[in-house]
Amino acid sequence: MPDPKGRSTPAPPEVQQQQRGFSADEGLDEAARLRGWPRHPLLYGAHRHVHQAAVHYLLARQVHVWLESALQIKRSIGMVRGKDDKVDAQRIARYALLHQQEAQCLSLSGVTLERLKDLQASRSRLIKALKSIKGTIKELLQIDPVSGKTLEQVNRKAIRGLEKSKELVEEKMQQFIAKDGELKRKYDLLTSVKGVGKVLAISLLVYTQGFSKMEDGRKLACYCGVAPFEYRSGTSVMGRTGVSKFANKELKQVLHMAALSSIRNNGEMRSYFERKVGEGKSKMSVLNAVRNKLLHQAVAVIKRGTPYEVRLNII
């Protein structure tokens, strides 16, 4: 690739490796025809940015691609020692052979979801940067108003730039969704649920691969870390029932904010919250129940294929 002065410079090592890999796989189409790959899924595992390009390459050639969680494969292997790529490849192949009946292959919507995930990560970074700058200014204004106002003035353009970038990212996300008919349909169904806004709807679509990986409300609640589990063994160990820390923390945070907003602005959830608290339940326990309700309602509208309808008599 040329540098600013027009001279040719070598591509970064990871890009060179990716390009060589695709060049070496130019016979993929013939291999797919001979080995029947369009009928059998190809389990793929690699660095995120490398596998993203490879997935696009394979889907364009109608190869069935099965993306599995690296943690899922690692936990299924059991106790291991050392690190060797060849041995890891054999373990992944064994996992694919044993679980091939459970394979869930990507669709073309998976490419859009990968791009939405990148934009979502960019949006999170912008929000963190805004919080960091605004938080520093707020603290300094309380301690030293003169320095605080100075810092506020010099960062005014930076804050406006970050807010503008955040708006552009959100607009681009909406454009990607609008271009994919199936994702657009599911997005509209999700946002019909009161309390499920744009951010939560996109997060649910991204992390569930358009609800192709998780179609059960209980499993989704477990994935988000809001499903309660008992902690007991025999008669000697009787711990409190609680949620597991083994969860998607980012999705749980978005769900938590959606639940708080739902209690404030949704009459259905507000009535439920006030009734349960009045019965003596702790506020956090009821708030967790509201999170679960939102998830089950989201799964229900996707399964049913119709928008959510409010029925106060069933609360």
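Thresholds applied
- Residues numbered from 1 in each chain as written.
- Predicted model: local features only at pLDDT ≥ 70, side-chain atom pairs only at ≥ 80, totals over all residues.
- Heavy atoms only, no water.
- Helix = DSSP H or I, 4+ residues; strand = E, 2+ residues; numbered from the N terminus.
- Buried < 20%, exposed > 50% of the residue type's maximum accessible area, 1.4 Å probe, protein only.
- Contact = heavy atoms within 4.5 Å.
- Polar contact = N/O pair within 3.5 Å; in protein donor to acceptor, adjacent residues only side chain to side chain.
- Salt bridge = Lys/Arg side-chain N within 4 Å of Asp/Glu carboxyl O.
- Expected span 1.5 Å × (residues − 1).
- Arc of directions from axis to C-beta.
- Axes fitted to C-alpha atoms, helices over the stretch in contact; angles between N-to-C directions.
- Left-handed = near helix turned anticlockwise from the far one by under 90°.
- Nonpolar A, V, L, I, M, F, W, Y, C, P; charged D, E, K, R; others polar.
- pLDDT = per-residue confidence, 0-100.

K.L.:
Describe unusual backbone geometry, naming the residues involved and giving the relevant values.
P.N.:
For Gln209, which is not a glycine, the phi torsion comes out positive at approximately 55°. Structurally, Gln209 can be placed in the loop between helix H10 (198–207) and helix H11 (217–224). Among the residues examined, Gln209 registers a relative accessible area of 16% and is labelled buried. Of note in the backbone geometry, Phe211 takes a positive phi value of approximately 65° without being a glycine.

K.L.:
Go over the environment of Leu119, please, and point to the residues and values.
P.N.:
Relative to the helices and strands, Leu119 resides in helix H6 (residues 109–143). The exposure class of Leu119 is buried, given its relative accessible area of 16%. In sequence terms Leu119 and Met173 are 54 residues apart; their C-alpha atoms lie 6.8 Å from each other. The residues contacting Leu119, other than those within four sequence positions of it, are Val169, Lys172, Met173 and Phe176.

K.L.:
Hey, could you go over the environment of Asn248 for me, with residue numbers and the actual values?
P.N.:
Its place among the elements puts Asn248 in the loop between strand S4 (237–243) and helix H12 (249–265). Residues Asn248 and Tyr223, spaced 25 residues apart in sequence, show a C-alpha to C-alpha distance of 6.2 Å. Setting aside its immediate chain neighbours within four residues, Asn248 contacts Tyr207, Tyr223 and Cys224. Polar contacts involving the side chain of Asn248 include one to the side chain of Tyr223, which spans 2.9 Å.

K.L.:
Now, about the pattern of salt bridges: what can you tell me, with residues and values included?
P.N.:
Tallied over the entire structure, the rule returns eleven salt bridges. In this structure, the salt-bridge partner of Arg123 is Glu170, at a minimum N-O distance of 2.9 Å. Of this pair, Arg123 sits in helix H6 while Glu170 sits in helix H8 (residues 156–179), and the two are 47 residues apart along the sequence. Residue Arg123 is classed as buried on the basis of its relative accessible area of 16%. Given a relative accessible area of 28%, Glu170 falls into the partly exposed group. With its nearest N and O atoms 4.0 Å apart, the salt bridge here joins Arg275 to Glu279. Classification of Glu279 as partly exposed rests on a relative accessible area of 49%.

K.L.:
How would you summarise helix H13 (residues 267–278) if you had to cite specific residues and measurements?
P.N.:
In this model H13 runs 16 Å from its N-terminal to its C-terminal C-alpha over twelve residues, within 8% of the 16 Å that 1.5 Å per residue would give. Those residues of H13 not exposed but buried are Glu268, Met269, Tyr272 and Phe273. Projected onto a plane normal to the axis of H13, the buried residues spread over an arc of 125° and lie on a single side. Of the residues in H13, the exposed ones pointing more than 90 degrees away from the buried face are Glu274 and Gly278. Considering only its buried residues, H13 is in contact with H12 and helix H14 (283–304). Where H13 begins, the capping side chain belongs to Asn266, and its oxygen is found 3.1 Å from the backbone nitrogen of Glu268. In the segment just after H13, Gly280 is the residue with positive phi, at about 105°.

K.L.:
So what's going on with the packing of H13 against H14? Residues and values would help.
P.N.:
As a packed pair, H13 and H14 sit with axes 10 Å apart at the nearest point and diverge in direction by 145°. Handedness of the crossing formed by H13 with H14: right-handed. Taking contact as the criterion, the partners of Glu268, Met269, Tyr272, Phe273, Lys276 and Val277 in H13 are, on H14, Lys283, Val286, Leu287, Ala289, Val290, Lys293, Leu294 and Gln297. Tallied by class, the residues present in the contact of H13 with H14 amount to nine nonpolar, one polar and four charged.

K.L.:
Lay out the confidence of the model for the protein chain with the relevant residues and their values.
P.N.:
Detailed reading of the predicted model is not advised wherever pLDDT is low. In the predicted model, the protein chain carries a mean pLDDT of 80, and 80% of its residues have values of at least 70. When pLDDT is averaged over each element of the protein chain, H8 comes out on top at 94 and helix H2 (residues 28–35) at the bottom at 46. Confidence drops under pLDDT 50 across residues 1–12; counting only partners more than four residues distant or on other chains, this segment forms eleven contacts. Per-residue pLDDT stays below 50 along residues 23–28; that stretch engages in seven contacts with residues further than four places along the chain or on separate chains.

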